[in-house]
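Descriptive analysis of the structure
Spelled out, the chains give:
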Amino acid sequence: ITFRDRQDLPAAPPEMITLSRNAAGQFFASFANKDPISRTNAKLRNVNAHVLPCEQLYDSNTKSVVSVPVTRGGDVGLKTLITYSQPLALAEKDEAKKEVKRVRFLARQEKRKRLSDKSVARKKHGSKRWLKAKIKQGRIHTQIANQRRDYLRKEAKILVEHTSIVCLEDLNVRFMLQNKHLSKAASDASLGAFKRYIQWEAIKCGHLVIEC
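Now for a look at the structure at hand.

Conventions adopted
- Here, residues in each chain are numbered from 1, in the same order as that chain's written sequence.
- Only residues with pLDDT of at least 70 get local features here, since the model is predicted, and only at 80 or more are side-chain atom pairs given and counted; chain-wide, interface and lining totals rely on the full set of residues.
- Remark: hydrogens and water are excluded; side-chain values derive from all non-hydrogen atoms of the structure.
- Two strands form a pair only when DSSP identifies at least two bridges running between them.
- Numbering of helices and strands starts at the N terminus; helices are DSSP runs of H or I of at least 4 residues and strands are runs of E of at least 2.
- Note on definitions: salt bridges are taken to be side-chain nitrogens of Lys or Arg within 4 Å of carboxyl oxygens of Asp or Glu.
- Grid spacing is 1 Å over the protein atoms alone, the probe is 1.4 Å, and a cavity is where that probe fits but cannot get out, while a pocket is an open set with protein on both sides within 12 Å along at least five of seven lines and lining residues have an atom within 4 Å of a point.
- Grid points are joined across faces, edges and corners, and a volume is the space filled by probe spheres set on the points.
- As a working rule, the residues Ala, Val, Leu, Ile, Met, Phe, Trp, Tyr, Cys and Pro are called nonpolar, Asp, Glu, Lys and Arg charged, and the rest polar, with Gly in that last group.
- Orientation is described by axes fitted as lines to C-alpha atoms, over the contacting stretch for helices, and by angles from 0 to 180 degrees between their N-to-C directions.
- Contacts were defined at the residue level, with two residues in contact if any of their heavy atoms lie within 4.5 Å.
- Here the nonpolar core consists of buried residues drawn from Ala, Val, Leu, Ile, Met, Phe, Trp, Tyr and Cys, with membership extended through side-chain atoms lying within 4.5 Å.
- Think of it in three bands: residues with accessible area under 20% of the maximum for their type are buried, residues over 50% are exposed, and the middle band is partly exposed, with areas taken using a 1.4 Å probe on protein chains only.

1. Examining the pairing of strand β1 (residues 18-21)
- As paired strands, β1 and strand β2 (residues 27-30) are joined by four bridges and run antiparallel to one another. Bridge assignment links Leu-19 to a residue of β2, and that residue is Ala-29.
- Hairpin connection, β1 to β2: the antiparallel pair is bridged by five residues, and Gly-25 has positive phi, about 85°.

So, in structure tokens, the structure goes:
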């Protein structure tokens, strides 16, 4: 079976493989990688080898400059995905990033999504044309989910790489999803997924995430 993956296959065959298929008709194989020499497992095992981002501050008690881990707070919302307590300096882009804009991926594909929903509704349920229309509909949803996931993961990685201690707002996402005025915007923003990606990246680098 021809497939593509960024990781190396384990030396020992996996004990169990789970096959799944999404709405777009794509197949995925998942298994536990217990290979001790795997790049992913070695990275998680050597989290202490990472260098913590530090900043120089003046200590009035000792009257000297000390190096402390960079601590940054994040205010999560719907208008702006996250606003930093202090600007995040990006050396490669020579700029200071103060916030992360919320990209409305669902609104971009709203017209295509509406046309695909109409196409599925006009077809006879269970027919071949209905199945083709369902796959086209699933591709649109998969594209929206992939774009959103890629954007959130990149922003979470940038935040964790430049911050040793991340303080996030403990937002009630479930209440926002139940509110008829905020549910669509909250689901498109995926604030819960963004928080999980930050926590995952922090585990890889050995950094700390605190919910306030």
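Moving on, there is more to tell.
2. Considerations on the pattern of salt bridges
- Enumeration over the complete set of coordinates arrives at seven salt bridges.
- Across the pair Glu-201 and Lys-204 runs a salt bridge, and its minimum N-O distance is 3.9 Å. Pair noted here: Glu-201 and Lys-204 are both in helix α7 (residues 191-205), with a separation of three residues, about one helical turn.

3. Digging into empty space enclosed by the protein
- Counted under the stated rule, the structure contains two cavities of 30 Å³ or more.
- Approximately 70 Å³ is the volume found for the largest cavity.
- Every residue along the wall of the largest cavity is listed here: Val-76, Leu-168, Glu-169, Leu-171, Val-173, Leu-191, Phe-194, Lys-195 and Ile-198.
- Broken down by element, the residue count for the lining of the largest cavity peaks at four residues, all from α7.
- Classifying every residue of the lining of the largest cavity gives seven nonpolar, no polar and two charged.
- Computed from the structure, the second largest cavity encloses a volume of approximately 50 Å³.
- If you go around the second largest cavity, the residues you meet are Leu-81, Arg-102, Val-103, Phe-105, Arg-148, Tyr-151, Leu-152, Asp-188 and Ala-189.
- Broken down by secondary-structure element, the contributors of at least two residues to the lining of the second largest cavity are α4 (128-161) and α6 (183-189).
- Per-element tally for the lining of the second largest cavity: the top contributor is α4, with three residues.
- A per-class count over the lining of the second largest cavity returns six nonpolar, no polar and three charged.

4. Some remarks on the pairing of strand β6 (residues 80-90)
- Pairing analysis gives three bridges linking strand β5 (residues 71-76) to β6, with the strands arranged antiparallel. Pairing of Val-76 across the sheet is with Ile-82, part of β6.
- Hairpin connection, β5 to β6: the antiparallel pair is bridged by three residues.
- In the sheet, β6 pairs with strand β7 (residues 95-101) via six bridges, with the strands oriented antiparallel. The residue bridging Ala-89 from the neighbouring strand is Ala-96, located in β7.

5. With respect to the sheet that holds strand β8 (residues 165-168)
- Reading across the sheet, the five strands line up as β7-β6-β5-β8-β9 and stay open at both edges, with mixed pairing between neighbours. Of all the strands in the sheet, just β7 and β9 (208-211) have a single pairing partner and so form its edges. Between one strand axis and the next, the sheet turns through 20° on average, direction left out of account.
- Sitting on the sheet, α7 is in contact with β5, β6, β8 and β9, with an inclination near 145° to β9.

6. Observations regarding the nonpolar core
- Formed by 30 residues in total, the largest nonpolar core has its most connected members in Ile-82 and Ile-198.
- Among the secondary structure elements, those contributing two or more residues to this core are β6, α2 (105-108), α4, β8, α6 and α7.
- Once you skip the residues sitting within four places of it in the chain, Ile-82 turns out to touch Gly-74, Asp-75, Val-76, Glu-99, Val-100, Leu-159, Leu-168 and Phe-194.

7. Some details on the environment of Ile-158
- With respect to the helices and strands, Ile-158 occurs in helix α4.
- Residue class for Ile-158 comes out partly exposed when judged on its relative accessible area of 23%.
- Taking the C-alpha atoms as reference, Ile-158 lies 9.5 Å from Glu-201; in sequence the two are 43 residues apart.
- With sequence-adjacent residues up to four places away left out, Ile-158 is seen in contact with Leu-88 and Leu-90.

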